[in-house]
There are 2 protein chains.
Amino acid sequence: MARATVQDVARTAGVSVGTVSRVLNGSPAVSESSKEKVTAAIRQLSYRPLASARDLRRDRTMRVLALAKNLDSLVISEVFRGVGDAAADSGYVSLIAATSGDLEREQQLVDMLRNGSVDGLILFSPTMADEDVEAVAEHLSVVQVCEIVDAEAAFGVSIDDRQAAYDITRHLVETGGRRLAMIGNKNARSGRLREEGFRQAVTEAGLSPDRMLFGEGSFGFHAGRSLARKLLEAEHLPDAVFCGTDIVAAGCVRELTDAGLRVPDDIAVAGFDDSAQAEMCVPELTTVRQPAYEMGRVAFTELLTRMTVPGAHRRGRTFLPHELVVRDSTKG
Amino acid sequence: MARATVQDVARTAGVSVGTVSRVLNGSPAVSESSKEKVTAAIRQLSYRPLASARDLRRDRTMRVLALAKNLDSLVISEVFRGVGDAAADSGYVSLIAATSGDLEREQQLVDMLRNGSVDGLILFSPTMADEDVEAVAEHLSVVQVCEIVDAEAAFGVSIDDRQAAYDITRHLVETGGRRLAMIGNKNARSGRLREEGFRQAVTEAGLSPDRMLFGEGSFGFHAGRSLARKLLEAEHLPDAVFCGTDIVAAGCVRELTDAGLRVPDDIAVAGFDDSAQAEMCVPELTTVRQPAYEMGRVAFTELLTRMTVPGAHRRGRTFLPHELVVRDSTKG
DNA sequence: CCCGTTTTTGGAATCGATTCCAAATAGCAA
DNA sequence: TTGCTATTTGGAATCGATTCCAAAAACGGG
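No experiment lies behind these values; they were computed from the predicted model shown.

Draft legend 1. Highlighting the overall build of chain A. Per the secondary structure count, chain A includes 13 helices and 12 strands. Taken over the C-alpha trace, chain A has a radius of gyration of 26 Å; the compact-globule value for 332 residues is 20 Å, which it surpasses by more than 25%. Structurally, chain A occupies a C-alpha span of about 90 × 35 × 35 Å along its principal axes. Residue burial in chain A is summarised as follows: out of 332 residues, 54% are buried. For chain A, contacts bridging at least 24 residues in sequence account for 71% of all contacts bridging at least 6. Accessible surface, chain A as shown: approximately 14000 Å² in total, 48% of it carbon and sulfur. Side-chain charges in chain A split into 39 positive and 47 negative, and the spacing between the mean points of these groups amounts to 7 Å.

Draft legend 2. Broad picture of the protein's contact with DNA strand D. As a structural note, the neighbourhood of DNA strand D is formed by 29 residues, with Ser34(A), Arg57(A), Val6(B), Tyr47(B) and Arg57(B) the closest of them. Backbone sugar and phosphate groups make up 62% of those atoms of DNA strand D lying within 4 Å of the protein. In this structure, a base nitrogen belonging to DNA strand D sits 3.1 Å away from a side-chain N or O atom of Arg22(A). The separation between a phosphate oxygen of DNA strand D and a polar side-chain atom of Ser21(B) is 3.2 Å. For the surface near DNA strand D, the secondary structure elements donating two or more residues are α2 (17-24) and α4 (51-58) of chain A together with α2 (17-24) and α4 (51-58) of chain B. Tallying contributions element by element places α4(B) first for the surface near DNA strand D, with 5 residues. In terms of residue class, the surface near DNA strand D is built from 13 nonpolar, 9 polar and 7 charged.

Draft legend 3. Examining the domain arrangement of chain A more closely. All names here are of chain A. With domains assigned, chain A is organised as domain 1 (6-49), domain 2 (61-159 + 292-321) and domain 3 (161-290). A separation of 29 Å is found between the C-alpha centroids of domain 2 and domain 3. Residue-level contacts link 11 residues of domain 2 with 10 residues of domain 3. When the two sides are added together, the surface that domain 2 and domain 3 hide from each other amounts to roughly 910 Å², 48% of it contributed by carbon and sulfur. When the area that domain 2 buries against domain 3 is broken down by residue, the three leading residues are Val75, Glu147 and Ile159, summing to 53%. At the boundary of domain 2 with domain 3, the tally comes to 1 salt bridge. The tally of links between domain 2 and domain 3 comes to 6 residue pairs in polar contact (both at pLDDT 80 or more). Elements that contribute at least two residues to the side of domain 2 that touches domain 3 include exactly α5 (74-89) and α13 (292-308). Classifying every residue of the side of domain 2 that touches domain 3 gives 8 nonpolar, no polar and 3 charged.

Draft legend 4. Molecular detail of the side chain of Glu106(B). All names here are of chain B. Here Glu106 shows up in helix α6 (residues 103-114). Buried and unpaired, Glu106 has Lys69 as its nearest opposite-charge partner, separated by 6.5 Å. Non-local contacts of Glu106, meaning those with residues more than four positions away in its chain, are made with Leu67, Thr99, Pro126, Thr127 and Met128.

Draft legend 5. A look at the interface of chain A and chain B. Listed by partner, the interface residues are 47 residues for chain A and 47 residues for chain B. Taken together, both faces of the contact between chain A and chain B bury some 3900 Å²; the carbon and sulfur share is 58%. Three residues, Arg48(A), Arg254(A) and Met280(A), lead the burial of chain A against chain B; their summed loss comes to 15% of the area buried on that side. The tally of links from chain A across to chain B stands at 7 salt bridges. The residue Arg254(A) makes a salt bridge to Glu284(B) at a minimum N-O spacing of 3.1 Å. For the interface between chain A and chain B, the tally reads 19 residue pairs in polar contact (both at pLDDT 80 or more). Elements represented by at least two residues in the side of chain A that touches chain B include exactly α4, β1 (63-68), α5, β2 (93-98), α6 (103-114), α10 (221-233), α11 (246-258) and α12 (276-280) of chain A.

Draft legend 6. Quick look at the pattern of salt bridges. One pass over the full model with this rule turns up 45 salt bridges over all chains. One salt bridge connects Glu195(B) with Lys186(B), and the closest N-O pair in it is separated by 3.2 Å. A network of salt bridges, in which partner residues are shared, links Arg225(A), Arg229(A), Arg254(A), Glu255(A), Asp258(A), Asp274(B), Glu284(B) and Arg327(B).

Draft legend 7. Inspection of unusual backbone geometry at higher detail. All names here are of chain A. With an omega dihedral of 10°, the bond running from Val263 to Pro264 counts as a cis peptide bond. Considering the arrangement of structural elements, one finds Pro264 in the loop between α11 and β9 (268-270). Cis rather than trans, the peptide bond between Val282 and Pro283 has omega equal to -5°. Position of Pro283 relative to the elements: it lies in the loop between α12 and β10 (287-289). Of note in this structure, Asp59 is not a glycine but carries a positive phi near 60°.

Draft legend 8. Representation of helix α8 (residues 161-174) of chain B in the model. Between the first and last C-alpha of α8(B) there are 20 Å, a value that for 14 residues agrees with the 20 Å anticipated at 1.5 Å per step. Within α8(B), burial applies to Asp161(B), Ala164(B), Ala165(B), Tyr166(B), Ile168(B), Thr169(B), His171(B), Leu172(B) and Val173(B).

Draft legend 9. Representation of the sheet that holds strand β9 (residues 268-270) of chain B. All names here are of chain B. The sheet built from 4 strands is open, its strands ordered β7-β6-β8-β9 with parallel pairing. The sheet terminates laterally at β7 (212-215) and β9, the two strands that pair on one side only. Strand-to-strand, the axes of this sheet are offset by a mean angle of 15°, without reference to chain direction. One ladder, built from 3 bridges, connects strand β8 (residues 240-243) with β9; its direction is parallel. Bridge pairing in β9 places Val241 opposite Val269. Together, β6 (180-185), β7 and β8 form the strand contacts of helix α9 (residues 189-204), whose direction differs from that of β6 by roughly 170°. Strand contacts of helix α11 (residues 246-258): β6, β8 and β9, with the helix running at about 160° to β9, the strand carrying the most contacts.

Draft legend 10. Geometry of the packing of helix α8 (residues 161-174) of chain A against helix α9 (residues 189-204) of chain A. Residues and elements named next belong to chain A. Packing of α8 against α9 brings their axes to within 7 Å, and their N-to-C directions diverge by 40°. Our classification of the angle between α8 and α9 gives oblique. Relative to α9, the crossing made by α8 is right-handed. In this structure, α8 contributes Asp161, Arg162, Ala165, Tyr166, Thr169 and Arg170 to the contact, and α9 contributes Ser190, Leu193, Arg194, Glu196, Gly197, Phe198, Gln200, Ala201, Val202 and Glu204.

Draft legend 11. Here's a closer look at the pairing of β8(B). Residues and elements named next belong to chain B. In β8, alternate side chains face the same way, and those of Ala240 and Phe242 on one face and Val241 and Cys243 on the other are all buried. Across 4 bridges, the pairing between β6 and β8 is parallel. The partner of Ile183 across the bridge, within β8, is Cys243. Of the crossover connections in this fold, the one passing from β8 over α11 to the parallel β9 is right-handed.

Draft legend 12. Up close: the sheet that holds strand β7 (residues 212-215) of chain A. Residue and element names in this part refer to chain A. Reading across from one edge, β7-β6-β8-β9 is the order of the 4 strands in this open sheet, with parallel pairing throughout. Pairing within the sheet leaves two strands with one partner each, and these edge strands are β7 and β9. The average undirected angle you get between the axes of adjacent strands in this sheet is 15°. Packed on one face of the sheet, α8 meets β6 (180-185), β8 (240-243) and β9 and runs near 165° to β8. In this fold α10 packs onto β6, β7 and β8, with an angle of close to 155° to the strand it touches most, β7.

Quick notes on the rules
- Residues numbered from 1 in each chain as written.
- Chains lettered and ligands numbered in written order.
- Predicted model: local features only at pLDDT ≥ 70, side-chain atom pairs only at ≥ 80, totals over all residues.
- Heavy atoms only, no water.
- Helix = DSSP H or I, 4+ residues; strand = E, 2+ residues; numbered from the N terminus.
- Rg over C-alpha atoms; globule rule 2.2 N^0.38 Å.
- Buried < 20%, exposed > 50% of the residue type's maximum accessible area, 1.4 Å probe, protein only.
- Contact = heavy atoms within 4.5 Å.
- Areas by Shrake-Rupley, 256 points an atom, 1.4 Å probe, with all protein chains shown as cover.
- Lys, Arg positive; Asp, Glu negative; His and termini not counted.
- Charge placed at Lys NZ, Arg CZ, Asp CG, Glu CD.
- Near = heavy atom within 4 Å.
- Polar contact = N/O pair within 3.5 Å; in protein donor to acceptor, adjacent residues only side chain to side chain.
- Nonpolar A, V, L, I, M, F, W, Y, C, P; charged D, E, K, R; others polar.
- Domains from an automatic or database assignment.
- Buried area = accessible area lost by both parts, 1.4 Å probe.
- Salt bridge = Lys/Arg side-chain N within 4 Å of Asp/Glu carboxyl O.
- Expected span 1.5 Å × (residues − 1).
- Pairing = 2+ DSSP bridges.
- Axes fitted to C-alpha atoms, helices over the stretch in contact; angles between N-to-C directions.
- Parallel < 35°, antiparallel > 145°, perpendicular 65-115°, else oblique.
- Left-handed = near helix turned anticlockwise from the far one by under 90°.
- Right-handed = clockwise from strand over helix to strand, strands pointing away.

Structure, rendered in structure tokens:
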């Protein structure tokens, strides 16, 4: 039982392929009677237009690709949920792929844009070098989310990471923090921006950073614990710690708590992202909320403009507002 | 600067389109000199074969689609990481799509298999009715992971949920549990199987279930808390609770702890999945480990067989071994 | 140097849906 | 009925890569 083609439908319905195609695409130039015959034939043969043939002729796929290293963070899955919903609203399908940080895989996936497998690309923390992102974005529709290359070669949607880190650090200062430490991650660009914001807030308060600890590679719960252990080894403990993500903050809180310290009384801890872990931690984490879902929606909208409006400028940046969420891990 | 075609490459290289195609596909019947000329022309024009034209002619895409409601669980992201790695090993690209539980979206995505956008489909907890899954799997390559329809219409890969729940419940009994409650989820089929396993273990121990609580809709941390609150309202507290997922167990532990109870001394709590939350919980959760990554790999391998071996039987089931992980939330 | 093999090449046909153009039909007024 | 416009239709051309077949070139042995 081979696949039915538009020819088969035409034959069964007793019309020409042109008419079948017109029915398929809702052209008004079809008589009511032919439309019925064609519809019946389509149902009878359970016919589906073959995607590759259609894409070839139309020169577009109505598909976009969203790329990330992993899917294990709630921020990513919320961003992509936003992308997916916005895409569906516009009749697009959004596909997601994870590269596992493998550069070759990532190249292969980006090639899906270059070879016309998809019409647009949304990049979340690419592995490739900035200039490669720029090169791809030069001629094709690419939008970055959250992690954005310095050069404004492509379009990007994110919060202002520097400002957000500044804000939450100021909160630590205003609630009595004097010896401020940070546990961060230099790998990601956003991590570096958060470090900048932290340093600026500390400096403006007339203080200087107590300890700056940076994790290599994986940056999760265990990294948070082991970096917090380093804090404990020091002679003078900091009285406030800003962590680059909630998960790390949760690990940090756990390690401090296990060592008999009270959070926030002995030491305040702040996270970043307002992920589910922020509420699951004891005490619940003070953190910065990223509007992840909304960022995804905006990213797709921007992408759509670039895909459909010919002269749309391909570079630039949209910042979405972040929000300080004060909970129990810092002094009220 | 329009896209270069195989014709352009042929012209530039001074050969025929046939030769270009042969170089592209590594056919041995090409002289060294033509190969070089073609390679040079390809680089010069930065040519990429158009996916839709290639797919149309070849009648396959080398792409598979992995479908799930959400991507917010670590089990899913691990399963899909396994699928992605196994696919890459075989030269396939695996794309992921989330349906947000929207039936129409799901239909549209499943149609990608029927209209040849992808060669195979991996289903994780579909929204559609069982018979629809069967109908699709009848003629096309479909493999289910984790959540598997009763009827053995399609192929499935999962752990033995009933047995796993049985095992962890037995553990609760063996560590002194006499009044056993369960917090579960009837929506998912795996949830019902886990309930069966729980009931069987309780019954075999000569006991009867204390309380059976089932969440509707969202089944996360807050659901765990609010269902645990119901436990607290009862006159006699259970001395052991089996929760359908770690997140729910974490919520449950939190609510009980906040109420001044000691876990596991006053009440033991067990989870399911061995997700990251199991280790982040205080006390760390006793749970059942699903070999999620491995399940993803196996699912793709099974799918590959179905896609490439013509007569491969399309139904059946592979169970992967689960593992009881005993931590501090139950008595040692 | 010629003939039979083997290797390499060119080019037309093909995949299936869309679209354009010309032709046919319908509809309407006079 | 005739003539004109408006609607509907058929069918060929097209998109770009692959593949098959026949032709051409290269090769080797005698």
